[in-house]
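Report on the structure
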Amino acid sequence: MDQKLLKGKPVTEAVYNRVSQNLAYLKEQGVQPRLTVVLVGEDPASQVYVRRKGKACEKLGILSDTVVLPADISEHHLLDKIKTLNADSRNHGILVQLPLPANINEEKVIMTVAPQKDVDCFHPQNVGLLVSGNPYMLPCTPAGIVEILKYYQLETQSRHVEVVGRSNIDGKPMVNLLLQKNTSANATVTVVHSRTQHISDHIRRADIVIAAIGQPNFIKKEQLKEGSVVIDVGINRIDADNEKGYKLVGDVDFDDVYDTVSKITPVPGGVGPMTIAMLMQNTLTAAAAQNNIKLPSE
Ligand code: NDP
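Heads up: these notes are all about the structure in this document. (Residues numbered from 1 in each chain as written. Predicted model: local features only at pLDDT ≥ 70, side-chain atom pairs only at ≥ 80, totals over all residues. Heavy atoms only, no water.)

1. Brief notes about the sheet that holds strand 5 (residues 188-192)
Just so we agree on the cut-off: Only when DSSP finds a minimum of two bridges between them are two strands counted as paired. Under the DSSP-based scheme used, a helix requires at least four consecutive residues in state H or I and a strand at least two consecutive residues in state E, with every element numbered from the N terminus. In this analysis, two residues are considered to be in contact whenever any of their non-hydrogen atoms come within 4.5 Å of each other. The axes used here are C-alpha line fits, helices contributing only the stretch in contact, and every angle between their N-to-C directions lies in the interval 0 to 180 degrees.
Within the open sheet, the five strands sit side by side as 5-4-6-7-10. Their pairing is parallel. Two strands in the sheet have a free side with no partner beyond their single neighbour: strand 5 and strand 10 (263-264). Where helix 7 (residues 171-178) meets the sheet, it contacts strand 4 (160-164), strand 5 and strand 6 (208-211), and its direction lies at approximately 165° from that of strand 4.

Right, dumping it as structure tokens:
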């Protein structure tokens, strides 16, 4: 086995075990957790993600619904639909698959999902709770990264983590999660983005680099400190001479940096599978909170 590779699969298995235990407990208390995913339009990538979420629920025994709405739905009708789902106590988690068609204001949609059911942790109330150090729900991909670091016993406490990218989905919540006052965080975090000058100088100082920029093979070995840990969130399609005509690569040039780093997540098979695993966990967190139940394993 390659000791350098931080594979996501064993970590998801550990998370799914925890989710199964919590699920059994909730069912004993008469609660049937349910996740509702709203898909607007027919974007093929979104359809794939939504199907994967449904399959994960099915495998675990979490109830799930997919609400498919036409691409030309008005913003008003979409918001009404979300309000109806909010009011239905059988739904514990609601997720609106992004991106949305251009005529719909994403921010309004995010604001309309009830914070208690916001399993993506996008609602400003949940973002605020995370920033203030008292999170209700954890953002899925960043929480999955913390799980990877914990599983492979890679300390973040007192270490310098460079987060590359400042999106609302990855970079910013990652920063906030690593700043939490607990032993799975307590990191010294800095963040760089497309307007940062001399970006390599920053990345080269870090013990752990978390790259989430969506630029194929962007980070090279010259930019990394010898022995650093690399978490590659990027999923980029590039042309390839194979049957599919493409392959997936990360934001870090894996082959180039391999000898320089001490540990690295592969793409695919690293961070990728963590997001849905954490979504399952959030669905149970939401179901438990809505029924005033404390989960046995958190
Ligand atoms: P966004 O496009 O929303 O954000 C990209 C961020 O990277 C921005 O902050 C941008 O800076 C910064 N950036 C872009 N180019 C550069 C550059 N050349 N130098 C420095 N910073 C740069 O992307 P996401 O966060 O949504 O996604 C990032 C990647 O992660 C994608 O490949 C995506 O597919 C993948 N992803 C994977 C997930 C998973 O594994 N489960 C989940 C979510 C995303 P600025 O703000 O200045 O524009």
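2. Notes on the sheet that holds strand 2 (residues 63-69)
Here three strands make up an open sheet; going across it, the order is 2-1-3 and the pairing parallel. Where the open sheet ends on each side, the last strands, each with one partner, are strand 2 and strand 3 (93-96). Each neighbouring strand pair of the sheet contributes to a mean axis angle of 15°, computed without reference to strand direction. Across seven bridges, strand 1 (residues 34-40) lies against strand 2 in parallel orientation. Paired with arginine 34 across the strands is leucine 63, a residue of strand 2. Sheet strands touched by helix 2 (residues 44-60): strand 1, strand 2 and strand 3. Its angle to strand 1, the strand with the most contacts, is close to 170°.

3. A few points about the pairing of strand 6
Put simply, side chains in a regular strand alternate between the two faces of the sheet. Our working definition: Under the scheme applied here, a residue whose accessible area is under 20% of the maximum for its type counts as buried, over 50% as exposed, and between as partly exposed, the area being computed with a 1.4 Å probe on protein chains only.
Going residue by residue along strand 6, you find Ile208 and Ile210 tucked away on one face and Val209 and Ala211 tucked away on the opposite face as well. In this sheet, strand 6 lies alongside strand 4 in parallel orientation, the contact comprising four bridges. Bridging from a neighbouring strand, valine 163 pairs with isoleucine 210 of strand 6.

4. A short note on the packing of aromatic side chains
As a reminder, the rule being used: Each Phe, Tyr or Trp ring, with Trp reduced to its six-membered ring, pairs with another whose centre is within 6.5 Å; inter-plane angles below 30 degrees give stacked pairs, above 60 give edge-to-face pairs, and intermediate values give tilted ones.
This model, assessed by the stated rule, comprises two aromatic pairs. For the pair tyrosine 151 and tyrosine 152, a centre-to-centre distance of 5.0 Å together with 75° between the ring planes defines the contact as edge-to-face. Of the residues examined, tyrosine 151 reaches a relative accessible area of 40% and is grouped as partly exposed. A relative accessible area of 23% means that tyrosine 152 is categorised as partly exposed.

5. Concerning the state of the cysteines
Rules: Defined by distance alone, a disulfide is two cysteine sulfur atoms within 2.5 Å.
In this structure the tally under the stated criterion is zero disulfides. The closest cysteine sulfur to the non-disulfide-bonded cysteine 121 is located on cysteine 140, 8.0 Å from its own sulfur. Residue cysteine 121 is classed as buried on the basis of its relative accessible area of 4%. Using a relative accessible area of 7% as the deciding quantity, one classes cysteine 140 as buried.

6. Section: the site of the ligand
The test is simple: Summary of the distance rule: residues count as near a molecule or strand when at least one heavy atom falls within 4 Å of that molecule or strand. Identification of polar contacts relies on pairs of N or O atoms within 3.5 Å, with a donor-acceptor requirement for protein atoms, meaning one able to donate a hydrogen and the other able to accept it, and with residues adjacent in sequence counted only if both atoms are side-chain atoms. Working definition of accessibility: Shrake-Rupley area with a 1.4 Å probe, residue cover restricted to the visible protein chains.
Taken together, 20 residues lie around the ligand, and Arg166, Ser167, Asp170, Ser194 and Thr275 are the ones closest in. Within the side chain of arginine 166, one N or O atom sits 2.7 Å away from an oxygen atom of the ligand. Within the side chain of threonine 275, one N or O atom sits 2.6 Å away from a nitrogen atom of the ligand. The fraction of the free accessible surface of the ligand (930 Å²) that becomes covered by protein chains is 70%.

7. A short note on the pattern of salt bridges
Just so we agree on the cut-off: Note on definitions: salt bridges are taken to be side-chain nitrogens of Lys or Arg within 4 Å of carboxyl oxygens of Asp or Glu.
Within this structure, the stated rule accounts for nine salt bridges. Here glutamate 13 and lysine 9 are joined by a salt bridge, their closest N and O atoms 3.2 Å apart. In this pair, glutamate 13 and lysine 9 are both assigned in helix 1 (residues 9-28), four residues apart and thus about one turn of the helix distant. According to the relative accessible area criterion, glutamate 13 is partly exposed, its value standing at 42%. Lysine 9 sits in the exposed class, given a relative accessible area of 57%. One salt bridge in this structure joins arginine 90 and aspartate 88, with 2.7 Å as the shortest N-O distance.

8. Section: the environment of tyrosine 25
Inspection of the secondary structure assignment puts tyrosine 25 in helix 1. Residues tyrosine 25 and alanine 288 lie 263 residues apart in sequence; the distance between their C-alpha atoms is 9.8 Å. Not counting residues up to four positions away in its chain, the partners in contact with tyrosine 25 are Ile293, Lys294 and Pro296.

9. Observations concerning helix 6 (residues 140-151)
Two residues of an α-helix separated by three or four positions point the same way, owing to the 3.6 residues in each turn. The criterion, for reference: Expected span of a helix: the number of residues minus one, times 1.5 Å.
Here helix 6 contains twelve residues, and its C-alpha end-to-end distance of 16 Å stays within 8% of the 16 Å for a straight helix at 1.5 Å per residue. Here helix 6 lies mainly inside the structure; ten of its twelve residues are buried. Among the residues making up helix 6, those that are buried are Cys140, Thr141, Pro142, Ala143, Gly144, Ile145, Val146, Glu147, Ile148 and Leu149. Buried residues along helix 6 sit in contact with helix 1, helix 7, strand 6, strand 7 (229-232) and helix 10 (274-290).

10. Brief notes about the packing of helix 6 against helix 10
A pair of packed helices is captured by two measures, namely the crossing angle of their axes and the spacing between those axes. The test is simple: Roughly parallel means an angle under 35 degrees; roughly antiparallel means over 145; roughly perpendicular covers 65 to 115; every other angle is labelled oblique. Three classes are used: nonpolar for Ala, Val, Leu, Ile, Met, Phe, Trp, Tyr, Cys and Pro, charged for Asp, Glu, Lys and Arg, and polar for all others, with Gly counted as polar.
Here helix 6 crosses helix 10 at 105°, and the two axes come no closer than 8 Å. In terms of their interaxial angle, helix 6 and helix 10 are classed as roughly perpendicular. Where helix 6 approaches helix 10, its residues Cys140, Thr141, Ala143, Gly144, Glu147 and Ile148 are matched on the opposing element by Met274, Thr275, Met278, Leu279 and Asn282. Within the contact of helix 6 with helix 10, the residues separate by chemical class into six nonpolar, four polar and one charged.

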